[in-house]
Amino acid sequence: MYGRDPWGGALEINATDSATDDDRSRNLQDFDKAALSRNLDETQQSWLLGPTEQKKKKYVDLGCIIVSRKVFKWTLGCIIAAALIAGFVTLIVKTVPKHRQRSPPPDNYTLALRKALMFFNAQRSGKLPKHNNVSWRGSSGMQDGKSDDSTMFKNLVGGYYDAGDAIKFNFPQSFALTMLSWSVIEYSAKYEAAGELSHVKDIIKWGTDYLLKTFNSSADTIDRIVAQVGKGDTSGGPDPNDHYCWVRPEDIDYPRPVTECHGCSDLAAEMAAALASASIVFKDNKVYSQKLVHGARTLFKFSREQRGRYSSSNEAAIFYNSTSYWDEFVWGASWLYYATGNTSYLQLATTPGIAKRAGAFWGGPDYGVLSWDNKLTGSQVLLSRLRLFLSPGYPYEDILSTFHNQTGIIMCSFLPYFSSFNRTKGGLIQLNHGRPQPLQYVVNAAFLATLYSDYLAAADTPGWYCGPNFYSTDVLREFAQTQINYILGKNPRKMSYVVGFGNRYPKRVHHRGASIPKNKVKYNCKGGWKWRDSSKNNPNTLVGAMVAGPDKNDGFHDVRTNYNYTEPTLAGNAGLVAALVALSGDKSVGIDKNTIFSAVPPMFPTPPPPPAAWRP
């Protein structure tokens, strides 16, 4: 190959000798690549062939973002694989036997509590709700009030029958409602744990709804209240009544008279206590709670203005004779103070003269025994609570400290170390000194002992003194447990005195509804006597009924006609429920310190805020 010398003359160009490798490689672009006969090195090939052809990437449009199809497939695959693994693990976990620690079974007190509350369902009068859960009971007493032309109260449907008969005695019924409300206020958490809180509140409301019908509850001043519905003539006369006739409440077709009273301080004050305590139970229902408070105020005003014992001039003296109304003054005033926060009620409850007339300073054989007749002991415990947790001081401290000291003495009298009360060989305390129907007094004492021990525990007090000796709060709980255990079957006869609890319990309870079969046969007054006098077991089980109890020798006769052994009552079962819930569940779950004080204003003015930090 020849070139031309720009200076004139020919010039032979040797590409191999004169060109650099880079220049040579670049010049290859000008040649016909196919015409090259010799092999090319790698560098030449790269220049000759040019850049290699790249594969076109594929993408997936997800709407809000565009991602590579390869990345999308990998991601989707990982998600599916993870889901399959998770499902497989879940399947294994569910199929493998579980070894979780189960919650402990309910204790005997909780089991007995659930049954004891059922007794109130069986005692209901009026149109029964569908959820009443007592198959052999039906609506009854639907003409109460209407069948008596002499009364102004025409709608007295509802409430509870007192015992084995079909009479509605407002005095013991009100006491029973007060005890139930007190137990709910103190131990609502335990009722909740037992699954019975709504049930017991329903029981209370059934009773308070009825009490509101037994006086003019919308008025501020009244001149009469209903004392009872039904008649309990025990003379054996031929006129049909609720004692002479042995018939199911559903079959009653004879007139039921209404007994009114115009001077009945004890009854009115007890009804006031029932409504006032229930108003705290239903404090979340503001309208109903205020209605109960208004009724309680009206009743208590009536009790103070028109003095007299409700049982002084009617047949109630035979069944529920009231010995005094001064204890009801202290009791009702205490509950009204807690319900309203009005210090005028506290002043009345802590008046030394009223306490003296109620028997606070003279003792006696029944001192310290809480019952439907005597509420002094309950008032002393209730007001000791106020001193322990709020300590209002002057001018209440004098009587509050006295009640507190008296409560301690009463608790000492319950202990087996002292001889205030005898005990049977089986260990049952004889609070009624060997008289019949002892259990109603025992359960009230068991409730108060457990409650007071919980008061002391909540106040960080380990015990109290009986004279020179100091006793732990555990001793009070042990007393309550031994008594309730006796009732539930730990006794010489190995018999539970709560129907339906345990393997052995009374089968011939003195109770009209339980002793007559629900067989669509309507028996007349005397026709039902064959069921009363029968030696066969009751065809219907009165679940939860605590019978009157054994005698002072631990003896018991399961005979239907002997009511001193086999008849249950509202007041007795209310005390049983209160004692059972206090002892039930976890011991560490004590009382509710604050709910009872919801309406009570601060005792002392709020202290001023601390001064600001000093700065130089």
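Computed from a prediction, not measured in an experiment: that's the story for all the values here.

Moving on to the nonpolar core. Counting residues in each nonpolar core, the largest one holds 163 residues, and the members touching the most others are Trp-182, Ile-225, Trp-335, Tyr-338, Phe-447 and Ile-484. The biggest single contributor to this core is helix α16 (residues 439–458), with 13 residues. Split by domain, the residues of this core number at least three in each of domain 2 (124–322) and domain 3 (414–595). The residues touching Trp-335, leaving out its near neighbours within four places in the chain, are Thr-178, Trp-182, Ile-185, Ala-273, Ala-276, Ser-277, Ile-280, Leu-382 and Ile-596. Of all hydrophobic cores here, the second largest spans five residues; its members include Tyr-244, Cys-245, Val-247 and Tyr-254.

Turning our attention to the pattern of salt bridges. Applying the stated criterion across every chain, the model contains 20 salt bridges. The partner of Arg-248 in a salt bridge is Glu-250, with the nearest N and O atoms 3.5 Å apart. Residue classification places Arg-248 among the buried residues on the basis of a relative accessible area of 8%. A salt bridge links Lys-375 to Glu-328, with the shortest nitrogen-to-oxygen separation between them at 2.8 Å. Taken as a pair, Lys-375 in the loop between α13 (352–357) and α14 (376–389) and Glu-328 in helix α11 (residues 326–340) lie far apart in primary sequence, 47 residues in all. With relative accessibility at 0%, the residue Lys-375 sits in the buried group. Note on Glu-328: relative accessible area 0%, which makes it buried. One connected set of salt bridges, linked through shared partners, spans Asp-144, Lys-168, Asp-242 and Arg-256.

For helix α21 (residues 570–583), which comprises 14 residues, the first-to-last C-alpha distance of 20 Å matches the rise-based estimate of 20 Å (1.5 Å per residue) to within 8%. The buried count for α21 comes to 14 of 14 residues, which makes it a mostly enclosed element. Where α21 begins, the capping side chain belongs to Thr-569, and its oxygen is found 3.0 Å from the backbone nitrogen of Gly-572. Backbone geometry just after α21 places Gly-585 at a positive phi near 65°.

Before going further, it helps to spend a moment on the confidence of the model for the chain. This prediction gives the chain a mean pLDDT of 89; 87% of its residues lie at or above 70. Segment residues 1–37 is flagged for pLDDT under 50; beyond a separation of four residues in sequence, or across chains, it makes 22 contacts in the model.

We now examine the UniProt feature "active site" (unreviewed entry) in the chain. Under the local residue numbering, the UniProt record ascribes the feature "active site" (unreviewed entry) to His-510, Asp-558 and Glu-567. Separation in sequence by 58 residues is not matched in space for these annotated residues, since their most distant C-alpha atoms are only 10.1 Å apart. Looking at where His-510 falls in the secondary structure, it is placed in the loop between α17 (473–487) and α18 (512–515). Aside from chain neighbours lying at most four places away, what touches His-510 is Gly-164, Trp-246, Arg-560, Thr-561, Tyr-563, Thr-566, Glu-567 and Pro-568. Of the residues examined, Asp-558 reaches a relative accessible area of 17% and is grouped as buried. When near neighbours in sequence (up to four residues on either side) are disregarded, Asp-558 contacts Tyr-505, Pro-506, Lys-507, Arg-508 and Thr-566. Engagement of the side chain of Asp-558 in a polar contact is seen with the backbone nitrogen of Lys-507, the distance being 2.8 Å.

So, about the packing of aromatic side chains. A complete count under the given rule lists 31 aromatic pairs for this structure. Measuring from centroid to centroid gives 6.3 Å for Phe-300 and Phe-329, while their planes differ by 75°, and the two rings are edge-to-face. In this pair, Phe-300 sits in helix α9 (residues 286–305) while Phe-329 sits in helix α11, placing the two residues 29 residues apart along the sequence. Just as Phe-300 is buried, Phe-329 falls in that class too. Residues Trp-331 and Trp-335 carry aromatic rings whose centres are separated by 6.1 Å and whose planes lie at 90° to one another, so their mutual orientation is edge-to-face. Residue Trp-331 and its partner Trp-335 are located together in helix α11, separated by four residues, close to a single helical turn. The same class applies to Trp-331 and to Trp-335, which are both buried. Members of the aromatic cluster, connected to one another through ring pairs, are Trp-182, Trp-331, Trp-335, Tyr-337, Tyr-338, Phe-447 and Phe-597. We note Arg-124 situated over the ring of Trp-206; from NZ or CZ to the ring centre the distance is 4.6 Å. If you follow Lys-205 out to its NZ or CZ, it ends over the ring of Tyr-288, 4.6 Å from the centre.

Parameters at a glance
Residues numbered from 1 in each chain as written. Predicted model: local features only at pLDDT ≥ 70, side-chain atom pairs only at ≥ 80, totals over all residues. Heavy atoms only, no water. Core = buried A, V, L, I, M, F, W, Y, C linked by side-chain atoms within 4.5 Å. Buried < 20%, exposed > 50% of the residue type's maximum accessible area, 1.4 Å probe, protein only. Helix = DSSP H or I, 4+ residues; strand = E, 2+ residues; numbered from the N terminus. Domains from an automatic or database assignment. Contact = heavy atoms within 4.5 Å. Salt bridge = Lys/Arg side-chain N within 4 Å of Asp/Glu carboxyl O. Expected span 1.5 Å × (residues − 1). Polar contact = N/O pair within 3.5 Å; in protein donor to acceptor, adjacent residues only side chain to side chain. pLDDT = per-residue confidence, 0-100. UniProt positions renumbered as here; feature names shortened; annotations may be inferred. Phe/Tyr/Trp six-rings, centres within 6.5 Å; stacked < 30°, edge-to-face > 60°. Lys NZ or Arg CZ within 6 Å of the ring centre and 35° of its normal.

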